[in-house]
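A look at the structure
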Amino acid sequence: MGNSTKKSAKFSENYFASNIFTYKSWSCVSQVERTFTEPGADAVETLKLYADKSTPITFAFESKVGLVRLNDDGSVAESNVLGKLLAIKNDKLSNYFDFFRRNGFLLPISFDSFDTVGEMELLATINRLHATLQLISTITDMSRTSFEKIIRMIMYLLFAPIVEIDTRDGKSTYTTTSHRYTIFLERARELTKDPRLDDTFNNSEFTFNDSIAKGTVLSADFISAALEGYSTDTKYNNDLFRKIFTVYCAPRENISKNILFINDFLFHYFYEVGIIQNVDLENTCYLNNEVCKDKFSDTLKQAALRVAKILIKEELDFNLKRIRTVYDIEKMAPAWQIDSLLSALYFGLFYMRPTMEIYRRCANPKCGEYFLVSVTSQKKKYCCRACMNRDIQARHRAKERMLESKKQ
């Protein structure tokens, strides 16, 4: 992983002058507590942590640099804080200890007593930040755009579990984003069917004109079977597909345009390409392994980009709602009051200029750090020269070992 760089730089909170903000926090002391809840069960790991009042920390954000941690004199002590967090392997909670010691915890925590954070809650919070970054970077770096990744991140942000983290004896509560579409979809079974679909005596099929495609023809038998969950093609009895299809068949007048657009996109993708059973940040699993990638049309790809933008906006809006504008009477200038490191990291994404700069993952597999790079820079694959040299040397040694094994 690339080393932190130091440079003499002073940062201003004057948003209008420089688009820069600062944030103050404290170092974090962390330990893992393992609890056995019942005989024979695996131990449950929780993170126990408190803020070290003796070690204050200051962060600053600058365009083209990202969020950095500062020394007392204003020089950079650690660059690319976001990239370093997302590069941490999440197989053990203890992997995060050093990051929290240097940069503090993601959320406000107590000084005088331990706060407890569950493993699932912590990783779900970090993964959602990770998915948002990937989605922003993937849809704007068109030379490297992977629509498979875009679909995966859309599904992750929409349907990953919502978690809640309570700290400071319940005085501070953070909940991950609940998207408007996901909330609406949970009420799908309460919706009524479009009355025209009841006239099966005069119609053996019906035509749908939605926000994605005009003239989608579905048979009356398919509509009835899919809504009731007894389709002869059992994949359409999938619970998520039934909810999506229920919304698709409902009257559209009182449903918001964004919710309709997301639902229309998901219906066409599930119906034409494949039904996604589950996803994580790296993998997409289709029901029965059935997927027709050649049916992922240009129209659907453009729709996916629009859905991605809707979700990015909702993620950023939700995670920035605790940030307030304040007026600094000493500097006679506007500034931002930021409540947590997590808010500061999302604020950094908010300040990104995705038509000019994106986060790209270091090509060194032993690093994995995301780093800011110009959109027009196609050659920069490594976060630093050291990572590039290590990867080149590793590949060279691997090639030599392969040649030696062939000789034997």
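Notes on the structure in this doc start here.

Basis of the calculations
- Residues numbered from 1 in each chain as written.
- Predicted model: local features only at pLDDT ≥ 70, side-chain atom pairs only at ≥ 80, totals over all residues.
- Heavy atoms only, no water.
- Pairing = 2+ DSSP bridges.
- Helix = DSSP H or I, 4+ residues; strand = E, 2+ residues; numbered from the N terminus.
- Salt bridge = Lys/Arg side-chain N within 4 Å of Asp/Glu carboxyl O.
- Buried < 20%, exposed > 50% of the residue type's maximum accessible area, 1.4 Å probe, protein only.
- Axes fitted to C-alpha atoms, helices over the stretch in contact; angles between N-to-C directions.
- Parallel < 35°, antiparallel > 145°, perpendicular 65-115°, else oblique.
- Left-handed = near helix turned anticlockwise from the far one by under 90°.
- Contact = heavy atoms within 4.5 Å.
- Nonpolar A, V, L, I, M, F, W, Y, C, P; charged D, E, K, R; others polar.
- Patch = residues over 30% accessible without salt bridge, like charges linked within 9 Å, V, L, I, M, F, W, Y side chains within 5 Å.
- Areas by Shrake-Rupley, 256 points an atom, 1.4 Å probe, with all protein chains shown as cover.
- Lys, Arg positive; Asp, Glu negative; His and termini not counted.
- Charge placed at Lys NZ, Arg CZ, Asp CG, Glu CD.
- Expected span 1.5 Å × (residues − 1).
- Phe/Tyr/Trp six-rings, centres within 6.5 Å; stacked < 30°, edge-to-face > 60°.

As defined by bridge partners, strand S10 (residues 276–279) adjoins strand S11 (residues 284–286) across three bridges and the pair is classed as antiparallel. Within S11, the residue paired with Val279 across the bridge is Thr284. Connecting S10 to the next strand, S11, in antiparallel fashion are four residues.

The next point concerns the pattern of salt bridges. Applying the stated rule across the entire model yields 21 salt bridges. Measuring nitrogen to oxygen at the nearest pair gives 2.6 Å for the salt bridge that ties Glu78 to Arg69. As far as the burial class goes, Glu78 and Arg69 line up, both buried. Members of the salt-bridge network, linked through shared partners, are Arg69, Glu78, Asp98, Arg101 and Arg102.

With that out of the way, let us pick up the packing of helix H5 (residues 147–159) against helix H10 (residues 298–319). Contact geometry for H5 and H10: axes closest at 10 Å, N-to-C directions at 40 degrees. As summarised for this structure, H5 and H10 are arranged oblique, according to the angle between their axes. When the axes of H5 and H10 are compared, the crossing they make is left-handed. Contacts from Phe147, Ile150, Ile151, Ile154, Leu157 and Leu158 of H5 reach H10 at Lys301, Ala304, Leu305, Val307, Ala308, Leu311 and Glu315. Among the residues forming the contact of H5 with H10, the class breakdown is 11 nonpolar, no polar and two charged.

So, on to a positive patch on the surface. Taken together, the side chains of Lys89, Lys366, Arg397 and Arg401 present a region of like positive charge at the surface. Mapped onto the secondary structure, Lys89 falls in the loop between helix H2 (81–86) and helix H3 (97–103). Here Lys89 falls in the exposed class, since its relative accessible area comes to 64%.

Over its 17 residues, helix H9 (residues 257–273) extends 23 Å from the first C-alpha to the last, a length consistent with the 24 Å expected when each residue adds 1.5 Å. Buried residues dominate H9, accounting for 13 of its 17 residues.

Here the focus is the packing of aromatic side chains. Scanning the entire structure with this criterion turns up 29 aromatic pairs. Ring centres of Phe222 and Tyr236 lie 5.2 Å apart, and the angle between their planes is 90 degrees; this geometry places the pair in the edge-to-face category. Of this pair, Phe222 sits in helix H7 (residues 220–228) while Tyr236 sits in the loop between H7 and helix H8 (239–248), and the two are 14 residues apart along the sequence. Of the two residues examined, Phe222 and Tyr236, each falls in the buried class. Between Phe347 and Phe350 the ring centres are 5.5 Å apart and the planes differ by 25 degrees, which places this aromatic pair in the stacked class.

Note on placement: Val76 falls in strand S4 (residues 76–78). Spatially, the C-alpha atom of Val76 lies 9.1 Å from that of Ala60, the residues being 16 residues apart in sequence.

Right, let's get into the side chain of Ser172. By secondary structure assignment, the location of Ser172 is in strand S7 (residues 172–175). Excluding residues that lie within four positions of it along the chain, Ser172 makes contacts with Pro108, Ile165, Asp166, Thr167 and Arg322.

A few words on H5. Residues spaced three or four apart along an α-helix point in a common direction, a consequence of the helix completing one turn every 3.6 residues. For H5, spanning 13 residues, the distance from its first C-alpha to its last is 18 Å, which sits close to the expected 18 Å at 1.5 Å a residue. Within H5, 10 of the 13 residues are buried, which leaves the element mostly enclosed by the surrounding structure.

These results come straight from atomic positions and should not be treated as a statement about function.
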